[in-house]
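Here is what each chain is made of, one letter per residue.
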Amino acid sequence: MNEDSPAWSMDGKKLVYASDQDIWIAHADGSGSRKLYGSMSWDGDPVFYDSNSILFASEQVDAFSSKFISIHRIGIDGTGRRQLTTNAHSREPALSPDGGRIAYISRIGNDYDIWVMATDGTSKIRLTDGKGDEKDPSWSPDGKYILYSLQGNILKTDVATGSTLKLTNDTFENTDPEVSPDGTWMAFVSTRSGDQDIWLMNADGKGAIQLTSDSGIQKGPAWSPDGKRIAYVSDASGEFNIRVMTLEDGLSISEYTEHEEIVIQDEKGSSPLDQLLTEKPWLVISAAGMVVLVFVVFMIRKFLKKVGFV
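A brief report on the enclosed structure follows. (Residues numbered from 1 in each chain as written. Predicted model: local features only at pLDDT ≥ 70, side-chain atom pairs only at ≥ 80, totals over all residues. Heavy atoms only, no water.)

### Describing the nonpolar core
For step 1, the next point in the chain: Among the nonpolar cores identified, the biggest contains 21 residues, and I23, L36, I54, L55 and I102 are the most heavily contacted of them.
For step 2, the next point in the chain: At the level of secondary structure, the elements contributing two or more residues to this core comprise strand 3 (22–27), strand 4 (34–37), strand 5 (43–50), strand 6 (53–58), strand 7 (70–75), strand 10 (101–107) and strand 11 (113–118).
For step 3, the next point in the chain: Not counting chain neighbours up to four residues away, the residues in contact with L55 comprise D45, P46, V47, Y49, H72, R73, L84, P93, L95 and I102.
For step 4, the next point in the chain: Residues A94, I114, V116 and I146 belong to the second largest nonpolar core, which totals 13 residues. (Core = buried A, V, L, I, M, F, W, Y, C linked by side-chain atoms within 4.5 Å. Buried < 20%, exposed > 50% of the residue type's maximum accessible area, 1.4 Å probe, protein only. Helix = DSSP H or I, 4+ residues; strand = E, 2+ residues; numbered from the N terminus. Contact = heavy atoms within 4.5 Å.)

This is the structure in structure tokens:
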């Protein structure tokens, strides 16, 4: 089984997630898992709406509706499904902190954009209209901003004004942003280590700490309501499973970075050759090439002399 898209209940006691094409629910420690909903179509992207119901995306639609992936609400007992979107592919619902609005992605034209609607499916407003697929929407704790990813970078847009700020601007693939409940941190996924791992940065986009270092793919970070744990998806075991990490108290990006640099310097130091390799690698390569060339010429002359050609 392959699991995806973990999300916490408001009290932090349960997790809802996708497993293959169905929606499952379990206690936060992984016990008591059961299928919440499954249709003959694809179902995914679940999040809690309240203690008694969830939001999710599904290929299943109401009778006489167009065949699009749409957003639905359903009770945690698997009954009372209600379709909230129609007429366009819509996915990745994210409930606002006050519980009054839903951010989601929808493809009206050629690309997925960020949209916002009321929780009953009315008052739909397109928030972004950039080139490329915008995805992974999540709210800031104060409900003023929506964070998302676009073409490998993380952005945040003011819901009231539409003004946008880019939080990352590099050559790595940065996705899945989610700000901690207290607004201090932002968990996200990045390839800056070479693998796809979970990282942590200040909510303003400064600094970075790598939280996972497993081989394979790590994705989908989700903060617990108390801000002490992060649920995420990992395929380190060979299949995609839900994992939960606990963060250390008093975590600080500046302290972590300073400590890391001191440890590296104390244990390894920096020799002149190390500095030369770092600052002028071409010089080292050229010198090594000359040594090899001289050795080859010497061996050829020695061979020719031995067979009488020199």
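Past the structure itself, the notes keep going.
### Looking at the layout of surface pockets
For step 1, the next point in the chain: Computed from the structure, the largest pocket encloses a volume of approximately 1400 Å³.
For step 2, the next point in the chain: Every residue lining the largest pocket is counted, 49 residues in all, and those nearest its centre are A7, V47, S138, E178 and A222.
For step 3, the next point in the chain: For the lining of the largest pocket, the elements supplying multiple residues, two or more each, are strand 1 (3–8), strand 5, strand 9 (89–95), strand 13 (134–139), strand 17 (174–179) and strand 21 (218–223).
For step 4, the next point in the chain: Ranked by residue count, the leading element in the lining of the largest pocket is strand 5, at 6 residues.
For step 5, the next point in the chain: Residue composition of the lining of the largest pocket, by class: 24 nonpolar, 13 polar and 12 charged. (1 Å grid on protein atoms, 1.4 Å probe; cavity = no way out; pocket = protein on both sides within 12 Å on 5 of 7 lines; lining within 4 Å. Points joined across faces, edges and corners; volume = space filled by probe spheres on them. Nonpolar A, V, L, I, M, F, W, Y, C, P; charged D, E, K, R; others polar.)

### Re the pairing of strand 6
For step 1, the next point in the chain: Across the 6 residues that make up strand 6, a large majority, 6, are buried.
For step 2, the next point in the chain: Residues S53, L55 and A57 line one face of strand 6 and the alternating positions I54, F56 and S58 line the opposite face, and both faces are buried.
For step 3, the next point in the chain: In this sheet, strand 6 lies alongside strand 5 in antiparallel orientation, the contact comprising 5 bridges. Within the sheet, the bridge partner assigned to D50 lies in strand 6 and is S53.
For step 4, the next point in the chain: Between strand 5 and strand 6, which follow one another and run antiparallel, lie 2 residues.
For step 5, the next point in the chain: Bridge count for strand 6 against strand 7 is 6 bridges, and the pairing is antiparallel. The residue of strand 7 that forms the bridge with L55 is R73. (Pairing = 2+ DSSP bridges.)

### Concerning the pattern of salt bridges
For step 1, the next point in the chain: Taken as a whole and judged by the stated rule, the model has 7 salt bridges.
For step 2, the next point in the chain: Of the charged contacts in the structure, one is a salt bridge between K219 and D4, with a shortest N-O distance of 3.7 Å. Placement of K219 in strand 21 and of D4 in strand 1 is noted, with a sequence separation of 215 residues between them.
For step 3, the next point in the chain: Owing to a relative accessible area of 27%, D4 belongs among the partly exposed residues under this scheme.
For step 4, the next point in the chain: A salt bridge links D113 to R126, with the nearest nitrogen and oxygen atoms 3.1 Å apart. Taken together, the positions of D113 in strand 11 and R126 in strand 12 (residues 125–126) put the pair 13 residues apart, joining distant regions of the chain.
For step 5, the next point in the chain: Given the relative accessible area of 35%, R126 is considered partly exposed. (Salt bridge = Lys/Arg side-chain N within 4 Å of Asp/Glu carboxyl O.)

### Quick notes on the pairing of strand 13
For step 1, the next point in the chain: Counted residue by residue, strand 13 has 5 buried out of 6 residues, so it is predominantly covered.
For step 2, the next point in the chain: Pairing between strand 13 and strand 14 (residues 145–150): 4 bridges, direction antiparallel. Bridge pairing in strand 14 links E134 to L150.
For step 3, the next point in the chain: What sits between strand 13 and strand 14 in their antiparallel hairpin is a turn of 5 residues, with G143 showing a positive phi close to 75°.

### Some details on the sheet that holds strand 2 (residues 14–19)
For step 1, the next point in the chain: Read from one edge to the other, the open sheet built from 4 strands follows the order 1-2-3-4, with strand pairing classed as antiparallel. Bordering the open sheet on either side are strand 1 and strand 4, each of which pairs with just one other strand. Strand-to-strand twist across the sheet, computed as the mean angle between neighbouring axes with direction ignored, equals 35°.
For step 2, the next point in the chain: Pairing of strand 2 with strand 3, which is carried by 6 bridges, proceeds in the antiparallel orientation. Residue pairing for strand 3: L15 is matched across the bridge by A26. (Axes fitted to C-alpha atoms, helices over the stretch in contact; angles between N-to-C directions.)

### Section: the sheet that holds strand 14
For step 1, the next point in the chain: Within the open sheet, the 4 strands sit side by side as 13-14-15-16. Their pairing is antiparallel. Strand pairing shows two members of the sheet lacking a second neighbour, strand 13 and strand 16 (164–166), which therefore form its edges. Here the average twist between neighbouring strands, direction ignored, is 25°.

### Considering the packing of aromatic side chains
For step 1, the next point in the chain: In total, this model carries 1 aromatic pair according to the counting rule given.
For step 2, the next point in the chain: Over the face of the ring belonging to W199 we find R192, whose NZ or CZ atom lies 5.6 Å from the ring centre.
For step 3, the next point in the chain: Across the ring face of F240, the terminal group of K219 is positioned such that the distance to the ring centre comes to 4.7 Å. (Phe/Tyr/Trp six-rings, centres within 6.5 Å; stacked < 30°, edge-to-face > 60°. Lys NZ or Arg CZ within 6 Å of the ring centre and 35° of its normal.)

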